[in-house]
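Now for the letters of each chain:
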Amino acid sequence: EPEVTQTPSHQVTQMGQEVILRCVPISNHLYFYWYRQILGQKVEFLVSFYNNEISEKSEIFDDQFSVERPDGSNFTLKIRSTKLEDSAMYFCASTYPSGGSTDTQYFGPGTRLTVL
Amino acid sequence: GQSLEQPSEVTAVEGAIVQINCTYQTSGFYGLSWYQQHDGGAPTFLSYNGLDGLEETGRFSSFLSRSDSYGYLLLQELQMKDSASYFCAVPSRDMRFGAGTRLTVKP
């Protein structure tokens, strides 16, 4: 069964450094998403991406964040200058739209980001 | 804005039935989804209600009442492996999740 993959599984970085989290969505999916989950808290929407541009973004997704689909398979989240509070699990998800906003999202296993 | 409210935790015994409620306030409502997340794992889709009423999938059922802005997830014949967090969510291009209900199943 096709699945969303993410690399690395765990990233440790120093405060102020840039990180790039990578995702490979399911191959025929068209919408891509990034979510964040701080330990013990709820899953928070960051951004959705469709047709090579951001579709929606939350208040969390400020100028420090950017997303890119550099080729036909990868979808990346870049955090330009990491802060301690960016430490969280980051999930990528994708969906194949069937015509509404009701499509099931398939989540990757997540990247645990630790900012020291 | 959007908000979804659900209980923070529920405890039940194996074999029992448990109901996890979710009330929501949201614009542009299309339906209500439920996701399961085991500790350290990713959310996985359980069910979706686009219309009022009950949707049944094996041991799990989900219900929606649009007029009451309310839904619930019903888990029957609880098993130890059902211990997880359960999130209601409003699916959209900026999908919002509830804070999650941590279900603990005891022997």
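Residues numbered from 1 in each chain as written. Chains lettered and ligands numbered in written order. Predicted model: local features only at pLDDT ≥ 70, side-chain atom pairs only at ≥ 80, totals over all residues. Heavy atoms only, no water.

S.K.: Explain the sheet that holds strand β8 (residues 70–75) of chain B to me, please; I cannot follow it from the model alone.
M.R.: Sheet strands line up and pair through hydrogen bonds in the backbone, either parallel or antiparallel. Residue and element names in this part refer to chain B. Taken together, the 5 strands give an open sheet; going across it, the order is β1-β3-β8-β7-β6, and neighbouring strands pair in antiparallel fashion. At either end of the open sheet lies a strand with only one pairing partner, and these are β1 (3–5) and β6 (53–57). On average, each strand axis in the sheet is tilted by 20° relative to the strand beside it, whichever way the strands run. (Pairing = 2+ DSSP bridges. Helix = DSSP H or I, 4+ residues; strand = E, 2+ residues; numbered from the N terminus. Axes fitted to C-alpha atoms, helices over the stretch in contact; angles between N-to-C directions.)

S.K.: Can you help me understand the interface of chain A and chain B in this one?
M.R.: Interfaces are frequently sized by the accessible area removed from exposure as the parts join. If you look at the interface, chain A gives 21 residues, while chain B gives 18 residues. Together, the buried faces of chain A and chain B total about 1,700 Å²; carbon and sulfur atoms form 58% of this surface. Counting across the chain A and chain B interface gives 1 salt bridge. Measuring nitrogen to oxygen at the nearest pair gives 3.9 Å for the salt bridge that ties Arg96 of chain B to Glu59 of chain A. Taken together, the links from chain A to chain B amount to 2 residue pairs in polar contact (both at pLDDT 80 or more). The greatest single-element share of the side of chain A that touches chain B, amounting to 4 residues, is contributed by strand β4 (residues 31–37) of chain A. (Contact = heavy atoms within 4.5 Å. Buried area = accessible area lost by both parts, 1.4 Å probe. Salt bridge = Lys/Arg side-chain N within 4 Å of Asp/Glu carboxyl O. Polar contact = N/O pair within 3.5 Å; in protein donor to acceptor, adjacent residues only side chain to side chain.)

S.K.: Can you help me understand the environment of Asp63 of chain A in this one?
M.R.: All names here are of chain A. Its place among the elements puts Asp63 in the loop between β6 (53–57) and β7 (65–68). Judged by its relative accessible area of 68%, Asp63 is exposed. For the pair Asp63 and Phe75, spaced 12 residues apart in sequence, the C-alpha separation works out to 18 Å. (Buried < 20%, exposed > 50% of the residue type's maximum accessible area, 1.4 Å probe, protein only.)

S.K.: What is the right way to look at a nonpolar patch on the surface in this model?
M.R.: A contiguous nonpolar surface patch, about 280 Å² in accessible area, is contributed by Leu30, Tyr50 and Tyr96 of chain A. Along the chain, the position of Leu30 of chain A falls in the loop between β3 (19–24) and β4. (Patch = residues over 30% accessible without salt bridge, like charges linked within 9 Å, V, L, I, M, F, W, Y side chains within 5 Å. Areas by Shrake-Rupley, 256 points an atom, 1.4 Å probe, with all protein chains shown as cover.)

S.K.: Is there a simple way to think about the packing of aromatic side chains in this case?
M.R.: How two aromatic rings sit relative to each other is given by the distance of their centres and the angle of their planes. Residue and element names in this part refer to chain A. Enumeration according to the criterion identifies 18 aromatic pairs over all chains in this entry. Their ring planes at 40° and their centres at 5.4 Å tell us that Phe32 and Phe75 sit as a pair that is tilted. Placement of the pair is Phe32 in strand β4 and Phe75 in strand β8 (residues 75–79), with a sequence separation of 43 residues. In this structure, Phe32 and Phe75 share a single accessibility class: buried. Look at Tyr35 and Phe107: their rings are 5.2 Å apart centre to centre, the planes differ by 35°, and that puts the pair in the tilted class. (Phe/Tyr/Trp six-rings, centres within 6.5 Å; stacked < 30°, edge-to-face > 60°.)

S.K.: What should I look at first to understand the layout of surface pockets in this one?
M.R.: The space that makes up the largest pocket amounts to roughly 360 Å³. Lining the largest pocket are 21 residues, with Gln37, Gly40 and Gln41 of chain A together with Gln37 and Ser85 of chain B sitting closest to its centre. Secondary-structure elements contributing two or more residues to the lining of the largest pocket are β9 (88–95) of chain A together with β9 (84–90) and β11 (101–106) of chain B. A breakdown of the residues in the lining of the largest pocket according to their chemical character gives 6 nonpolar, 11 polar and 4 charged. Put simply, the second largest pocket is a space of about 260 Å³. Considering the residues around the second largest pocket, the lining is formed by 15 residues, among which Glu3, Tyr106 and Phe107 of chain A together with Pro43 and Thr44 of chain B are closest to the centre. Broken down by secondary-structure element, the contributors of at least two residues to the lining of the second largest pocket are β10 (106–107) of chain A together with β5 (44–49) of chain B. (1 Å grid on protein atoms, 1.4 Å probe; cavity = no way out; pocket = protein on both sides within 12 Å on 5 of 7 lines; lining within 4 Å. Points joined across faces, edges and corners; volume = space filled by probe spheres on them. Nonpolar A, V, L, I, M, F, W, Y, C, P; charged D, E, K, R; others polar.)

None of the figures reported here should be taken as evidence of function without further support.
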